[in-house]
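Take a look at the letters that make up each chain.
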Amino acid sequence: MADAFSSPDHRSPYNPAPSPPPYTTYPWQPPPTEPTRQRHPRRPALGHHSDLRLLRTAYRRQRRVATFTALGYFTLFLILSAFAPSFMTGTVSGGLSMGLLLGLIQVPVTCLAIGLYEYTARHGVDPIADRIRKQAELDAKREAAR
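Residues numbered from 1 in each chain as written. Predicted model: local features only at pLDDT ≥ 70, side-chain atom pairs only at ≥ 80, totals over all residues. Heavy atoms only, no water.

Any chance you could break down the overall build of the protein chain for me, citing the residues and the numbers?
Across its full length, the protein chain carries three helices and two strands. Starting at the N terminus and walking to the C terminus, you meet the elements of the protein chain as α-α-β-β-α. In the protein chain, buried positions account for 14% of the 146 residues. For the protein chain, long-range pairs separated by at least 24 residues make up 60% of all intrachain contacts whose partners lie at least 6 apart in sequence. Carbon together with sulfur atoms contributes 63% to the accessible area of the protein chain, which is approximately 12300 Å² in total. (Helix = DSSP H or I, 4+ residues; strand = E, 2+ residues; numbered from the N terminus. Buried < 20%, exposed > 50% of the residue type's maximum accessible area, 1.4 Å probe, protein only. Contact = heavy atoms within 4.5 Å. Areas by Shrake-Rupley, 256 points an atom, 1.4 Å probe, with all protein chains shown as cover.)

How would you summarise a positive patch on the surface if you had to cite specific residues and measurements?
On the surface, Arg53, Arg56, Arg60, Arg63 and Arg64 cluster together to form a positively charged patch. Considering the arrangement of structural elements, one finds Arg53 in helix 1 (residues 50–83). (Patch = residues over 30% accessible without salt bridge, like charges linked within 9 Å, V, L, I, M, F, W, Y side chains within 5 Å. Salt bridge = Lys/Arg side-chain N within 4 Å of Asp/Glu carboxyl O. Lys, Arg positive; Asp, Glu negative; His and termini not counted. Charge placed at Lys NZ, Arg CZ, Asp CG, Glu CD.)

Run through the packing of helix 1 against helix 3 (residues 98–145), naming residues and quoting values.
Between helix 1 and helix 3, the shortest axis-to-axis distance is 9 Å and the interhelical angle comes to 175°. Taken together, the axes of helix 1 and helix 3 lie roughly antiparallel to each other. Class assignment for the residues of the contact of helix 1 with helix 3 results in 24 nonpolar, seven polar and three charged. (Axes fitted to C-alpha atoms, helices over the stretch in contact; angles between N-to-C directions. Parallel < 35°, antiparallel > 145°, perpendicular 65-115°, else oblique. Nonpolar A, V, L, I, M, F, W, Y, C, P; charged D, E, K, R; others polar.)

Tell me about the pattern of salt bridges, residues and numbers included.
Proximity of charged atoms lets side chains of opposite charge pair with each other. What the rule picks out here adds up to three salt bridges. Across the pair Arg131 and Asp51 runs a salt bridge whose closest N-O atoms are separated by 3.2 Å. On the criterion of sequence distance, the pair formed by Arg131 in helix 3 and Asp51 in helix 1 is long-range, its members being 80 residues apart. Classification of Arg131 by relative accessible area gives partly exposed; the value is 43%. Of the charged contacts in the structure, one is a salt bridge between Arg142 and Asp139, with a shortest N-O distance of 3.2 Å. Of the two residues, Arg142 and Asp139 both sit in helix 3, three residues apart, roughly one turn of that helix. When its relative accessible area of 41% is taken as the criterion, Arg142 is described as partly exposed.

I'd like to hear about the nonpolar core, residue by residue, with values.
In terms of nonpolar packing, the biggest core is built from five residues, these being Tyr73, Phe77, Met88, Leu102 and Val109. Elements that contribute at least two residues to this core include exactly helix 1 and helix 3. Aside from chain neighbours lying at most four places away, what touches Tyr73 is Phe68, Leu102, Ile105, Gln106 and Val109. (Core = buried A, V, L, I, M, F, W, Y, C linked by side-chain atoms within 4.5 Å.)

I'd like to hear about helix 3, residue by residue, with values.
Spacing of three or four residues puts side chains on the same side of an α-helix, whose turn is 3.6 residues. The first and last C-alpha atoms of helix 3 sit 68 Å apart over 48 residues, in line with the 70 Å expected at 1.5 Å per residue. The axis of helix 3 is deflected most strongly, by about 45°, at Ala121. Looking at helix 3, one finds that the buried residues are Gly99, Leu102, Gln106, Val109, Ala113, Ala121, Val125, Ile128, Ala129, Ile132 and Gln135. For helix 3, the elements touching its buried residues are helix 1, helix 2 (85–89) and strand 2 (96–97). (Expected span 1.5 Å × (residues − 1). Bend = angle between axes of the 7 residues up to and from the residue.)

Describe the environment of Glu118, with residues and values.
Relative to the elements of secondary structure, Glu118 occurs in helix 3. Placed 56 residues apart in sequence, Glu118 and Gln62 show a C-alpha to C-alpha distance of 8.8 Å.

Go over helix 1 with me, naming the residues and quoting the values.
Taking 1.5 Å as the rise per residue, helix 1 with 34 residues should run 50 Å; its terminal C-alpha atoms sit 47 Å apart, in good agreement. Its maximal kink placed at Phe68, helix 1 deviates by approximately 25°. Turning to helix 1, its buried residues are Asp51, Ala58, Gln62, Ala66, Ala70, Tyr73 and Phe77. Residues of helix 1 that are buried sit in contact with helix 2 and helix 3.

So this is what it looks like as C-alpha cells:
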C-alpha cells in the first residue's frame with residue numbers, strides 16, 4: 001500500500017521539485033529570450049583607473065610638502081627655544097632677540113608653505129584631476145549613447 005509521503009507528487013526538502021524542461025511545453029508560452037551581449041568599455045571603470053592612483057599619490061605628496069614646511073620650521077623653533085635658550089635670548093640688533101626674530105619669520109614661512117601648496121596643486125595635482133574629469137565625461141557620453 002502506497003503511503004501519502006512516498007508518492008512522487010509530495011515535495012519535501014529531500015525530494016525537491018523537478019527542474020522545468022528545456023523546451024516549451026505550452027504553445028502560448030513565449031519563446032525563451034536569448035541573453036543580450038553586454039558591451040564592455042574599452043577602458044576600465046573610473047574606480048579602477050590608474051590615474052586615480054596617480055592623483056592620490058600627487059595629492060599626498062602635496063600635503064606632505066606643505067605640512068612639513070610649516071611644521072618643520074615651527075618644530076625647529078620649539079627645539080631651539082627648549083635646548084638653546086642662550087641662542088634664543090641673544091640680541092640681533094637694537095634689542096631684537098633671536099627668538100623674537102625667528103618667531104616673526106614664522107609668518108613668511110607659513111606663507112611659503114601656502115605658496116608651495118598652490119604650486120604643487122597647479123603643476124602636479126590639477127592636471128591629473130582634469131584628465132580624470134575629461135575621461136569621466138567621455139565615458140558618460142559613451143554610456144548615454146548606448
